[in-house]
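Okay, here's what each chain looks like letter by letter:
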Amino acid sequence: MSLPAILAAARPTATGLVATITEEWMQGRTSYGGLSSALALEAARKVADDLPPLRSATVNFVGPLAGEVEVATRVLRRGRNATWVSAEVTSEAGVGLTATFVFMGPVESSLHLHDAPPPQGLIPVDEAPVLPEHLGPLFTRNFERRFALPRTDDKHPELLWWVRLKDKDGIDPMVELLLCADALPPGVMPLMSKTTAVSSMTWIVNLLTPAPASRDGWWLLRAAGNYAEHGCSSQDMGIWNADGEAIAAGMQSIALFG
């Protein structure tokens, strides 16, 4: 089932929704993190009809999620410009994800800083080599993926891919973006054994625009590892649209089992 189909079949509750995470969205024994985060956001954005745009998300991947899950949301604070909403996703196994979303409207400011250029040497999306669809966990079949950097024998803790969701009909643009944003393997993966198990622990996403959009639905995703020791890895993350405009910046902590 695509995300539009999962949302169409979801049941609303007094505090959120109940949905089913199907096999197509699994990553090992748990849901793909982008999907469980997107479900949390979909429920959070419905706590009020007049929420301003999403500007930041903090996600904790607590445990495995599969099958029927319930998303429960709560307004933590509603100020004059910003609203904080918490979301908790649970299954039979218990809590699998917690998140805090910050929705904020525009305010006057004298500061204007846009220092988030796309990486150099990119392959344009129309010329980029296609990743074979069978490579990767089951959830990757929901995306089209292309290499954004030329092939090299040098190994660096960095990955850059073009990613596009196959079925996004009717999905809110912010939900689509969060769904796509976690589609890369860890940035340190080129330095690791292919058999090493990994698990995301925390994820922060800051939106650099209130209205994400990209030509033909393509997003440029970057994951760059900057630390790995004693089974813990930290990485910086970035998202640009097909025209090189910065869309989001983030950070993720990842457990490495090997």
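Residues numbered from 1 in each chain as written. Predicted model: local features only at pLDDT ≥ 70, side-chain atom pairs only at ≥ 80, totals over all residues. Heavy atoms only, no water.

Undergrad: Can you break down the sheet that holds strand 2 (residues 16–21) residue by residue, with the values?
TA: The 12 strands lie next to each other as 1-2-6-7-8-5-11-14-13-12-10-9, forming an open sheet whose pairing is antiparallel. Strands at the two margins of the open sheet, each flanked by one partner only, are strand 1 (11–12) and strand 9 (143–147). Alignment of strand 2 against strand 6 (residues 67–78), held across 6 bridges, turns out to be antiparallel. Residue pairing in the sheet places alanine 19 in a bridge with valine 69 of strand 6. Strands in contact with helix 2 (residues 33–44) are strand 2, strand 5 (54–61), strand 6, strand 7 (82–91), strand 8 (94–104) and strand 11 (197–207); relative to strand 8, the strand with the most contacts, it is inclined by about 55 degrees. (Pairing = 2+ DSSP bridges. Helix = DSSP H or I, 4+ residues; strand = E, 2+ residues; numbered from the N terminus. Contact = heavy atoms within 4.5 Å. Axes fitted to C-alpha atoms, helices over the stretch in contact; angles between N-to-C directions.)

Undergrad: Let's hear about empty space enclosed by the protein: which residues, and what values?
TA: Under the definition given, this model contains 2 cavities of 30 Å³ or more. Of the volumes computed, that of the largest cavity is approximately 70 Å³. Considering the residues around the largest cavity, the lining is formed by 13 residues, among which Ala181, Trp203, Met237, Gly238 and Ile239 are closest to the centre. Secondary-structure elements contributing two or more residues to the lining of the largest cavity are strand 11, strand 12 (219–229), strand 13 (232–241) and strand 14 (246–257). Grouping the constituent residues of the lining of the largest cavity by class yields 10 nonpolar, 2 polar and 1 charged. The space that makes up the second largest cavity amounts to roughly 30 Å³. What lines the second largest cavity is Leu54, Met174, Leu177, Leu178, Ala181, Val205, Leu207 and Ile239. Looking at the lining of the second largest cavity element by element, the count peaks at 4 residues for helix 3 (residues 173–181). (1 Å grid on protein atoms, 1.4 Å probe; cavity = no way out; pocket = protein on both sides within 12 Å on 5 of 7 lines; lining within 4 Å. Points joined across faces, edges and corners; volume = space filled by probe spheres on them. Nonpolar A, V, L, I, M, F, W, Y, C, P; charged D, E, K, R; others polar.)

Undergrad: Which residues make up the packing of aromatic side chains, and what values go with them?
TA: Evaluation of the coordinates by the stated rule reveals 7 aromatic pairs. Seen in terms of ring centroids, tyrosine 32 and phenylalanine 139 are 4.0 Å apart; in terms of plane orientation they differ by 5 degrees. Their pairing is stacked. Residue tyrosine 32 is located in the loop between strand 4 (30–31) and helix 2, and its partner phenylalanine 139 is located in the loop between strand 8 and strand 9; the two are separated by 107 residues in the primary sequence. The class of tyrosine 32 is buried, set by a relative accessible area of 0%. Relative to phenylalanine 143, the ring of tyrosine 32 has its centre 5.9 Å away and its plane inclined at 80 degrees; by these criteria the two rings are edge-to-face. One end of the pair, tyrosine 32, is in the loop between strand 4 and helix 2; the other, phenylalanine 143, is in strand 9, with 111 residues separating them in the sequence. An aromatic cluster is present here, built from Trp25, Tyr32, Phe139 and Phe143 joined pairwise through their rings. (Phe/Tyr/Trp six-rings, centres within 6.5 Å; stacked < 30°, edge-to-face > 60°. Buried < 20%, exposed > 50% of the residue type's maximum accessible area, 1.4 Å probe, protein only.)

Undergrad: Describe the pairing of strand 14, with residues and values.
TA: Within a regular strand, side chains alternate between the sheet's two faces. Inspection of the sheet shows strand 11 paired to strand 14 by 10 bridges, in the antiparallel sense. Counterpart to isoleucine 204 in the pairing with strand 14 is methionine 251. Direction of pairing for strand 13 relative to strand 14: antiparallel, over a ladder of 9 bridges. Residue pairing across strands places methionine 237 opposite glycine 250, the latter belonging to strand 14. Between strand 13 and strand 14, which pair antiparallel and follow one another directly, the connecting turn spans 4 residues, one of which, glycine 244, has a positive phi of 85 degrees.

Undergrad: So what's going on with the layout of surface pockets? Residues and values would help.
TA: Its volume calculated, the second largest pocket comes out at about 730 Å³. Lining of the second largest pocket is provided by 20 residues; of these, Arg55, Leu111, Leu113, His114 and Leu208 occupy positions nearest its centre. By residue class, the composition of the lining of the second largest pocket is 11 nonpolar, 6 polar and 3 charged.

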